[in-house]
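Examining the three-dimensional arrangement
Now for the letters of each chain:
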Amino acid sequence: MKIFLQGHQHQYEIERIAHVFFPNESIEFVEKDDEGQRGDFFVESQFKDMNGSIYALTKIIKNGNIKEGLVVQKYNSSIISYQYTSLCKSMIKLSFYRAAKQVSQVDVPWGTLTGIRPTKIIHNLIEERKSDIDIKYILSEQYAVSDEKIQLILEVAYNELKVLKQSRPNSIGLYIGIPFCPTRCLYCSFVSNAVHKAQKFVEPYVEALIREILYTRRIIDNMGWIVESIYIGGGTPTVLSSKLLERLLYTLCTQINVETVKEFTIEAGRPDTIDKEKLNTIKKYAVSRLSINPQTMNQSTLKTIGRCHTPEDVVSSFQLARDLGFDNINMDVIAGLPDETVEMYQNTLKEIQKLDPENITVHTMSIKRASKLHEKINEYSITQAHIVQDMLKFTQQFMKDNDRYPYYLYRQKNILGNLENVGYCKQDFECIYNVQIMEERQSIIAMGCGAVTKLVNATNNRIDRIFNVKEVEEYINRIDEMLHRKDKIYQYFI
Ligand code: SF4
């Protein structure tokens, strides 16, 4: 597909929306509209601003047929610069959407919303005191979002606000990463090392991490911050031995004022890493939320995606955690795993429902560049977009029928069907950390290899990031440098 832009330079926006409709096309932007060079699939995206009105026109010419999408939008002359830019981008995307809809058979329920955090748009509209009717109208008319997704996103946005309102202004979240797993899942793109290959690094890694926790604790004290939530993720933290878990949790709980911590999550993602001794250790240190993640309850799929546990392991680990008193458990599942039918996915949800966890997080399969799946894509059967849509439709009704409501939502690049990931929970079991990381209203101080600290400065609306190195060995060897990178926090908040 060749694309010619006239009157604007919003290549990125056009590329994102073009990928949604034409995922298999390679895109080339051309400098000149030279008829001889157009080829069989040519797009012309025009933009003009005339007397307080924006005109965006997209023409798609495919195999000699021309389809057009026109948008004309008046704007108020008092509009501020960044709002004007954002309006122009939206209108350009909408004109592309209108033309592409006539050419492609692809159903695009999120319309022109291609960003990761759609709830931010709703929160801005709520802050502008727009009514629900106005918000629905804007989502439908300006962004072409389907009624079903409008209903979902509005519900999520209000539920998130409930969580955000309860945070104190000087509160922060802490993230600690453990980059080891029993094996690497087919779709994984996280910083994760198969523990049997990286065993010699495990203990030195925990020692380096403890140094980072001690250093960070001083910064937290100096900044006068209050820790609202702690999240130990990865990787699979419960791959650590009980002794190392104890060492890590003891350090955290003696260094951080856990009195103010409203939520303390540890991912026990792979059921085959959990045993009674580890769970007892975790329980001793005020961990309030566990995440046990089956991803699927179908044995054949577990094998395909490279996980060594069985559905029965999921059930027994969950029951063990319940018996030991864990009363807030999340379970992650994935819609659209290779070779899964709608019935298989439904089976997963039904089996999980029997365990009755407080949270169920439904991710839509996403094919990440750094995954084994991306590398060997031709060896797997990738679920078609309309099938994943049916899975998510079923999910929404299923959760409603089982008294769970959606409380956080995000989207990713390369997600099947351009769909979404949603956290569902029972009343008052929203995960604070998940909402805060998505909405970017609070700083999250992250530790460990691959950790990204996100600094949110509410006074000037700026967000900055501090990155740790991704490789385990490098993290251990360069720990002093990682500590000093965190000194930037002081400068950032001056
Ligand atoms: S459990 Fe999570 S972090 Fe570990 S390999 Fe699988 S997807 Fe990656």
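Residues numbered from 1 in each chain as written. Predicted model: local features only at pLDDT ≥ 70, side-chain atom pairs only at ≥ 80, totals over all residues. Heavy atoms only, no water.

Section: the packing of aromatic side chains
The final tally for this structure, using the stated rule, is 14 aromatic pairs. Note on Tyr492 and Phe493: the rings are 4.9 Å apart at their centroids and 90 degrees apart in plane angle, and the pair reads as edge-to-face. When its relative accessible area of 9% is taken as the criterion, Tyr492 is described as buried. Overall, the relative accessible area of 24% leaves Phe493 in the partly exposed class. Ring pairing ties together the aromatic residues Phe21, Phe22, Phe41 and Tyr97, which thus form one cluster. For Lys62, the ring lying beneath its charged end belongs to Phe41, and the centroid distance is 4.9 Å. In this arrangement the basic side chain of Lys283 is found over the ring face of Phe326, its NZ or CZ atom lying 4.9 Å from the centre. (Phe/Tyr/Trp six-rings, centres within 6.5 Å; stacked < 30°, edge-to-face > 60°. Buried < 20%, exposed > 50% of the residue type's maximum accessible area, 1.4 Å probe, protein only. Lys NZ or Arg CZ within 6 Å of the ring centre and 35° of its normal.)

Comments concerning the pattern of salt bridges
Applying the stated criterion across every chain yields a total of 24 salt bridges. A salt bridge links Glu440 to Arg117; its shortest N-O distance comes to 3.5 Å. Note that Glu440 is positioned in the loop between helix 14 (432-439) and strand 16 (444-447) and Arg117 in the loop between helix 2 (81-103) and helix 3 (119-127), a separation of 323 residues in sequence. On the basis of relative accessible area, Glu440 is assigned to the buried category, the value being 9%. A salt bridge links Glu127 to Arg441; the shortest N-O distance between them is 3.8 Å. Here the residue Glu127 occupies a position in helix 3, and Arg441 occupies one in the loop between helix 14 and strand 16, the gap between them amounting to 314 residues. With a relative accessible area of 56%, Glu127 lands in the exposed category. Under the relative-accessibility criterion, Arg441 is labelled partly exposed at 39%. (Salt bridge = Lys/Arg side-chain N within 4 Å of Asp/Glu carboxyl O. Helix = DSSP H or I, 4+ residues; strand = E, 2+ residues; numbered from the N terminus.)

Here's the deal with helix 11 (residues 342-355)
Over its 14 residues, helix 11 runs 21 Å from end to end, which matches the ideal 20 Å to within 8%, given 1.5 Å per residue. Residues of helix 11 that are buried make contact with helix 10 (311-323), strand 12 (329-335), strand 13 (359-364) and helix 13 (385-401). Among the residues trailing helix 11, Asp356 stands out with phi positive, at a value near 60 degrees. (Expected span 1.5 Å × (residues − 1). Contact = heavy atoms within 4.5 Å.)

Focus: the environment of Leu5
Checked against the element boundaries, Leu5 lands in strand 1 (residues 2-6). The class for Leu5 is buried, based on a relative accessible area of 12%. When the C-alpha positions of Leu5 and Thr58 are compared, they lie 9.4 Å apart, and in sequence the two are 53 residues distant.

So, the sheet that holds strand 4 (residues 53-62)
Ordered by their spatial adjacency, five strands build an open sheet running 2-1-3-4-5, and the pairing between neighbours is mixed. Each end of this open sheet is capped by a strand with a single partner; those strands are strand 2 (28-30) and strand 5 (65-74). Within the sheet, the average angular offset between the axes of one strand and its neighbour, ignoring direction, is 20 degrees. Alignment of strand 4 against strand 5, held across 10 bridges, turns out to be antiparallel. In the strand pairing of strand 5, Leu57 is matched with Leu70. (Pairing = 2+ DSSP bridges. Axes fitted to C-alpha atoms, helices over the stretch in contact; angles between N-to-C directions.)

Let's talk about the pairing of strand 1
Pairing of strand 1 with strand 3 (residues 41-50), which is carried by five bridges, proceeds in the parallel orientation. Opposite Gln6, over in strand 3, you have Gln46 as the bridge partner. By the bridge criterion, three bridges tie strand 1 to strand 2 in an arrangement that is parallel. What sits directly across from Phe4, in strand 2, is Val30. After leaving strand 1, the chain enters helix 1 (residues 11-21) and then returns to the sheet as strand 2, a path that is right-handed. (Right-handed = clockwise from strand over helix to strand, strands pointing away.)

Remarks on the domain arrangement of the protein chain
You can read the domains of the protein chain as domain 1 (1-105), domain 2 (107-154) and domain 3 (166-485). Distance from the C-alpha centre of domain 1 to the C-alpha centre of domain 3: 38 Å. (Domains from an automatic or database assignment.)

Examining the side chain of Thr301
By the element assignment, Thr301 lies in helix 9 (residues 299-304). Each residue touching Thr301, except ones within four places of it in the same chain, is listed here: Thr296, Leu337, Pro338, Glu340 and Met344.

Here's the deal with the site of the ligand
Neighbouring the ligand are the residues Cys181, Thr183, Arg184, Cys185, Tyr187, Cys188, Phe190, Ser192, Gly235, Thr236, Arg270 and Arg307. Here the shell around the ligand is composed, by residue class, of five nonpolar, four polar and three charged. (Near = heavy atom within 4 Å. Nonpolar A, V, L, I, M, F, W, Y, C, P; charged D, E, K, R; others polar.)

Considerations on the packing of helix 4 (residues 132-141) against helix 5 (residues 147-165)
Closest axis-to-axis distance for the helix 4/helix 5 pair is 11 Å, and the angle between their directions is 130 degrees. As judged from the angle between their axes, helix 4 and helix 5 are oblique. Of the two possible hands of crossing, helix 4 and helix 5 adopt the one that is right-handed. Contacts from Asp132, Ile135, Lys136, Leu139 and Ser140 of helix 4 reach helix 5 at Ile150, Ile153, Leu154 and Tyr158. (Parallel < 35°, antiparallel > 145°, perpendicular 65-115°, else oblique. Left-handed = near helix turned anticlockwise from the far one by under 90°.)

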